[in-house]
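# Architecture and fold: a report
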Amino acid sequence: MHKILANTVFLGKDIHYLTECHSTNDLAAEMVKSGKLAEGSIIYTENQTNGRGQRGNAWWSEPGKNLTFSLILQPHFLIPSEQFQLNVVISLAVLDVLSTYLLDIKVKWPNDIVQNSDGKLGGVLIENTIRHASIEYSIVGIGLNINQREFKFPRTTSMGLLSGQDWDCWEIFKLLVRAIEKRYIELKKGNANTQKKTYLANLFRMEAWHSYHDGVSFEGKITGINPEGKLMILDREGTFKEYGFKEIRFL
Ligand code: BTN
């Protein structure tokens, strides 16, 4: 089934709405390759049977309860070393919407959506294709727990659990798409620095001492992110360290 969003400029003008699908990111990639998806297209499913998360993990979502979708962007204006700017745009857009309804919503680097004390309620998987030294396609997959109440993993939550009420997934989806488009257009106009400041102001564990593991366990304080999006941590010995995505675990 095809759907279309009003009130947007380019995002969500072609929504492929599927009752079931293996992974919206994988399907989007297949369709992009065969030339079937333009910038702004979205794949949305009610039941994702083989969802993928970061670090090769699976993404589980109870059918009909949550949001699982992927959107296609063509950020030709970004060079590969700037790709983290997309993570910033997407995380902030999700925060823009969720913070309207819920308290203490933060981004956990690089782009988990968490509630300060109750854990993770959303994740983002961005897969970029690089061509001629710029980003040709970006498949942005978003999984957001809306009405699911029981989870296999500890420290996982949902809008429903946090608020004690049920939410209309499609209404939240529409708000998210509009928020993403707004922040993406702002990035295109050149406001990366402002968005980075807002990202840091909303970063989970920013400027606070906590435990991490980089091969050994240590105490550190997040002080920021570098221009490539690496996480900067100060340890108790006064050494500043920088970490790529798979190089550090939060304890
Ligand atoms: C994470 O590990 O936190 C990222 C999770 C991303 C899940 C979403 S759900 C829609 C899209 N399709 C996928 O297979 N994964 C992403």
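Our structure is the block above this text.
## Focus: the overall build of the protein
Check the secondary structure of the protein and you find five helices and 15 strands. Taken over the C-alpha trace, the protein has a radius of gyration of 18 Å; the compact-globule value for 251 residues is 18 Å, and the two agree within 12%. Principal-axis analysis of the C-alpha atoms places the extent of the protein at approximately 55 × 45 × 30 Å. Of all 251 residues assigned to the protein, the portion counted as buried reaches 50%. For the protein, restricting intrachain contacts to residue pairs at least 6 apart in sequence, the fraction spanning at least 24 positions comes to 60%. Entry remark: accessible area of the protein is about 11,900 Å², with carbon and sulfur atoms responsible for 51%. Of the charged side chains in the protein, 29 are positive and 28 negative; the average position of the first set lies 1 Å away from that of the second.

## Focus: the site of the ligand
Surveying the vicinity of the ligand reveals 20 residues, the closest of which are Ser23, Gln48, Arg52, Gln54 and Lys120. Within the backbone of Asn25, a nitrogen or oxygen atom sits 3.5 Å from a nitrogen atom of the ligand. Within the contact set of the ligand, an oxygen atom lies 2.7 Å away from a backbone nitrogen or oxygen of Gln54. Out of a free accessible area of 420 Å², the ligand has 98% covered by protein chains. For the shell around the ligand, the secondary structure elements donating two or more residues are helix H1 (24-33), strand E4 (51-52), strand E6 (67-73), strand E9 (119-131) and strand E10 (134-144).

## Considerations on helix H5 (residues 192-201)
An α-helix turns once every 3.6 residues. As a result, residues three or four positions apart point the same way. The set of residues buried in H5 consists of Gln195, Tyr199 and Leu200. Considered in projection along H5, the buried side chains sweep an arc of 140° and stay on one side of the axis. Exposed side of H5, more than 90 degrees from the buried face: Asn193, Lys197 and Ala201 are the residues found there. Along its buried surface, H5 packs onto helix H2 (84-101), strand E7 (105-108), helix H4 (169-188) and strand E12 (217-225).

## Some points on the environment of Gln74
In this structure, Gln74 sits in the loop between E6 and H2. Spatially, the C-alpha atoms of Gln74 and Lys152 are 35 Å apart, while their sequence positions differ by 78 residues. Sequence-distant contacts of Gln74, defined by excluding residues within four places in its chain, comprise Glu39, Glu136, Tyr137 and Tyr184.

## Structural notes on unusual backbone geometry
Following Trp109, the chain continues to Pro110 via a peptide bond in cis, the omega torsion being 0°. Within the secondary structure layout, Pro110 lies in the loop between E7 and strand E8 (112-115). With a phi angle near 65°, Asn7 is a residue other than glycine that sits in the positive phi range. One can find Asn7 in the loop between strand E1 (2-3) and strand E2 (15-18). Here Asn7 falls in the exposed class, since its relative accessible area comes to 61%. Of note, the phi angle at Ala133 is positive, near 60°, even though the residue is not glycine.

## Quick look at the sheet that holds strand E11 (residues 209-213)
The strands making up a sheet associate through backbone hydrogen bonding, with each pair oriented either parallel or antiparallel. Strand order in this open sheet of five strands is E14-E13-E12-E11-E15, and the pairing throughout is antiparallel. Sheet topology places strand E14 (240-243) and strand E15 (249-250) at the edges, where each strand pairs with a single neighbour. Across two bridges, E11 lies against E15 in antiparallel orientation. Pairing of Tyr212 across the sheet is with Phe250, part of E15.

## Quick word on the pairing of strand E13 (residues 231-235)
Most of E13 sits out of view: four of its five residues are buried. Turn length for the E12-E13 hairpin, with the two strands adjacent in sequence and antiparallel, is five residues, and the turn residue Gly229 shows positive phi of about 90°. Relative to E14, E13 is paired through four bridges, and the arrangement is antiparallel. Bridging across to E14, Ile233 finds its partner in Lys241. The turn linking E13 back onto E14 is made up of four residues, and Gly238 within it adopts a positive phi angle of 90°.

## A look at the side chain of Gln115
The topology assignment puts Gln115 in strand E8. The exposure class of Gln115 is buried, given its relative accessible area of 9%. Residues contacting Gln115, with those up to four places away along its chain left out, are Leu103, Asp104, Ile105, Leu121 and Leu162.

The rules behind each value
Residues numbered from 1 in each chain as written. Predicted model: local features only at pLDDT ≥ 70, side-chain atom pairs only at ≥ 80, totals over all residues. Heavy atoms only, no water. Helix = DSSP H or I, 4+ residues; strand = E, 2+ residues; numbered from the N terminus. Rg over C-alpha atoms; globule rule 2.2 N^0.38 Å. Buried < 20%, exposed > 50% of the residue type's maximum accessible area, 1.4 Å probe, protein only. Contact = heavy atoms within 4.5 Å. Areas by Shrake-Rupley, 256 points an atom, 1.4 Å probe, with all protein chains shown as cover. Lys, Arg positive; Asp, Glu negative; His and termini not counted. Charge placed at Lys NZ, Arg CZ, Asp CG, Glu CD. Near = heavy atom within 4 Å. Polar contact = N/O pair within 3.5 Å; in protein donor to acceptor, adjacent residues only side chain to side chain. Arc of directions from axis to C-beta. Pairing = 2+ DSSP bridges.

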